[in-house]
Amino acid sequence: MSIWLERLSLGWRPYALIAFLLCACALPGLISLQPLDRDESRFAQATTQMFESGDFVRISFQEEPRNKKPVGIHWLQAGSVALTGGPEARTIQIFRIPSLLGALLCAFSVFQIGALLKDRKTGLVAALAIATGLLLSTEAGIAKTDACLAGFIALAYLGLANARHGKASPAAWCFWIGLSGAILIKGPIGPLLLILSIAMLLVLERQWHWLKPLLHWPSMLLAAAIVLPWYIAIWQATNGQFFFDAVGQDLAPKLSGQSENKSVPPGAHLLLSPVIFWPGSILIPLALWTAWRDRKEAHVRFLLAWLVPGWLMFEAAPAKLAHYTLPVHGALLLLGAIGLFSGGWQKAWLRWTSVGILGFGTLIMTALPLVLANDVAEGAQNQAAQASIAIGLAGIVALVLVIRQSRWAAATLVSTAIIASLAFKGLFVPSIPQLDLSQRVSTALLQEGLHPRLSKGQPGPLIGAGYQEPSLIFLTRSDSALSSVTAAVAAAKPGVGLVVNTAPEFEEPLIDGLKQKGLGVIWRGAPIAGLNYSKGDDVTLKIGEIVARPADTQASGPQR
């Protein structure tokens, strides 16, 4: 294995290999999945509204200011959309391109850090592990902040690694561009991680001279030019309200456990690690062994300073989502790669522990389609079984080759990640109609000539009640009136399309409100059943056309 890794790590080959394998794992979901609720569709919709309003400073979702995250991801998405013809088609795949590029930046930076701290083959193993790992390859196909944040933070740590090796120019440019990008993507998270890492190194080593290369005024001025204009502009545009809302309504509730994400005890991220790193989770025991054995080595101290404070911070926060620890994953995988090439794999107890972690992650991944089909996808058991069989067989082959210490083990692990991504994200999940509710509603509206954006001659926005997920707003029109019965009735006029939840608390009050306004409904097509997975509720939606109501017309009208 070592010989061909040496060859693959030379010249341009590692970058091509990393990019190819990341795309192989990320593109099935990026291409196939509908706009996801709720965060992805909120980001994409807010970016779309920037084009519609011409205001690329303030962030809004419909009429509501979205004062949570900075503008960075929206500008990156806007650039991607502008280069591909504009937002009119609302093609979610275009909005996902910055996430793919951010994941590539993360993997490339991990490779460079490994090559700098140890050697190129160590960096390549860690980079391939993070690129094909479940978490980064999934985030690379979703139009959110997390893959881009991981990329910019990894770039900043590459700057720190260069600074410790006395390479002033790459150190300063990488650090300040990475830091400014992270600030513009997600505010204080990037700076906080870097400050904690630097503080830990200063405490352990009691030396600070290695930080001098970062005091480079051209790169510092560039960072200021990247960050300050928008922060000044948003303060002026909102009279400072953005900052009060971002801290008081987004950051503070997460730190206090009062956010919409339930408070979870410490240790949750550790328990999830065999799955979110999979199949790179095989390196976790090697990473822990290396961290303890070589804790006094300078390169290991650097990786520990990257990993430990950030991981503890995320474990201590009451709100925990699986992607929170992504910015520090590179450090753990680099520690594991170092252990792989420094004798760890020759120790039987460590090898079998690694196999056990990999086997556990493989078991979870194999069962996942079956569990999902049982919970939300009636009628999809056959597709679930096919996906599980594909993942399970590939995982078993990989485990056998790992146990036998075959030279093909690493290639088989990577192939298993690709097969799992294709089977689960590319084929199985997109085949579940219950999870594709917004896209099915949008398609039905277009077929009935009621789509508020794509059908000719539509007089107004889509109205409705009982289903107001951001994905449907993104797929239809920014001024869709779906928030409440009152809003729907207020926006109703003849010729407008309607979508309503058939539950009595939504359909009956809406029909009554339309009657009082002298309007009725002609229902179109068959009801559409699915899962509102943001709430975990099964819903049935009806589509109709608002009409002027003659005195004796029943609002239920004919269906076809």
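Now for a description of the structure that goes with this document.

Quick notes on the rules
Residues numbered from 1 in each chain as written. Predicted model: local features only at pLDDT ≥ 70, side-chain atom pairs only at ≥ 80, totals over all residues. Heavy atoms only, no water. Helix = DSSP H or I, 4+ residues; strand = E, 2+ residues; numbered from the N terminus. Buried < 20%, exposed > 50% of the residue type's maximum accessible area, 1.4 Å probe, protein only. Lys, Arg positive; Asp, Glu negative; His and termini not counted. Salt bridge = Lys/Arg side-chain N within 4 Å of Asp/Glu carboxyl O. Contact = heavy atoms within 4.5 Å. Axes fitted to C-alpha atoms, helices over the stretch in contact; angles between N-to-C directions. Parallel < 35°, antiparallel > 145°, perpendicular 65-115°, else oblique. Left-handed = near helix turned anticlockwise from the far one by under 90°. Nonpolar A, V, L, I, M, F, W, Y, C, P; charged D, E, K, R; others polar. Expected span 1.5 Å × (residues − 1). Patch = residues over 30% accessible without salt bridge, like charges linked within 9 Å, V, L, I, M, F, W, Y side chains within 5 Å. Areas by Shrake-Rupley, 256 points an atom, 1.4 Å probe, with all protein chains shown as cover. Pairing = 2+ DSSP bridges.

1. Quick look at the side chain of Arg-351
Tracing the chain through its elements places Arg-351 in helix H18 (residues 348–376). Buried within the structure, Arg-351 lacks any salt-bridge partner; its nearest side chain of opposite charge belongs to Asp-294, at an N-O separation of 17 Å. Look past the residues within four positions of Arg-351 in its chain and what remains in contact with it is Trp-345, Gln-346 and Gln-405.

2. Brief notes about the packing of helix H6 (residues 97–117) against helix H16 (residues 298–316)
How two helices sit against one another is set out by the angle between their axes and by the gap between those axes. With their axes 10 Å apart at the nearest point, H6 and H16 run at an angle of 150° to one another. The pairing of H6 with H16 is recorded here as roughly antiparallel in orientation. Note that H6 runs across H16; the crossing there is right-handed. Here Val-110, Ile-113 and Leu-117 of H6 lie close against H16, whose contacting residues are His-299, Phe-302, Leu-303 and Trp-306. Its residues assigned to classes, the contact of H6 with H16 comprises six nonpolar, one polar and no charged.

3. Here's the deal with helix H10 (residues 168–186)
Given a rise of 1.5 Å per residue, 19 residues ought to cover 27 Å, and the 27 Å separating the end C-alpha atoms of H10 matches this to within 8%. Here H10 lies mainly inside the structure; 14 of its 19 residues are buried. Just downstream of H10, Gly-187 is the residue with a positive phi angle, here 60°.

4. Section: the environment of Leu-5
With respect to the helices and strands, Leu-5 occurs in helix H1 (residues 2–8). Not counting residues up to four positions away in its chain, the partners in contact with Leu-5 are Lys-121, Leu-124, Val-125 and Phe-341.

5. Some details on the packing of helix H11 (residues 189–205) against H16
Running from N to C, H11 and H16 cross one another at 130°; their axes reach a closest spacing of 8 Å. Taken together, the axes of H11 and H16 lie oblique to each other. The way H11 lies across H16 gives a crossing that is right-handed. Across the interface between the two elements, Leu-192, Leu-193, Leu-196, Ser-197, Met-200, Leu-201, Leu-204 and Glu-205 from H11 touch Arg-301, Phe-302, Leu-304, Ala-305, Trp-306, Pro-309, Gly-310, Met-313 and Phe-314 from H16. A per-class count over the contact of H11 with H16 returns 13 nonpolar, two polar and two charged.

6. A word on a nonpolar patch on the surface
On the surface, a cluster of nonpolar side chains totalling about 370 Å² of accessible area is made up of Ile-389, Leu-393, Ile-396 and Val-400. Tracing the sequence through the fold places Ile-396 in helix H19 (residues 381–403).

7. Re the pairing of strand S4 (residues 497–501)
Among the five residues in S4, five count as buried, and that is most of the element. Side chains of S4 alternate between two faces, with Gly-497, Val-499 and Asn-501 and Leu-498 and Val-500 buried alike. Pairing analysis gives three bridges linking strand S3 (residues 463–465) to S4, with the strands arranged parallel. Residue pairing in the sheet places Ala-465 in a bridge with Val-500 of S4. Pairing geometry for S4 and strand S6 (residues 537–548), over five bridges, is antiparallel. From the neighbouring strand, Val-500 faces S6, where its bridge partner is Lys-542.

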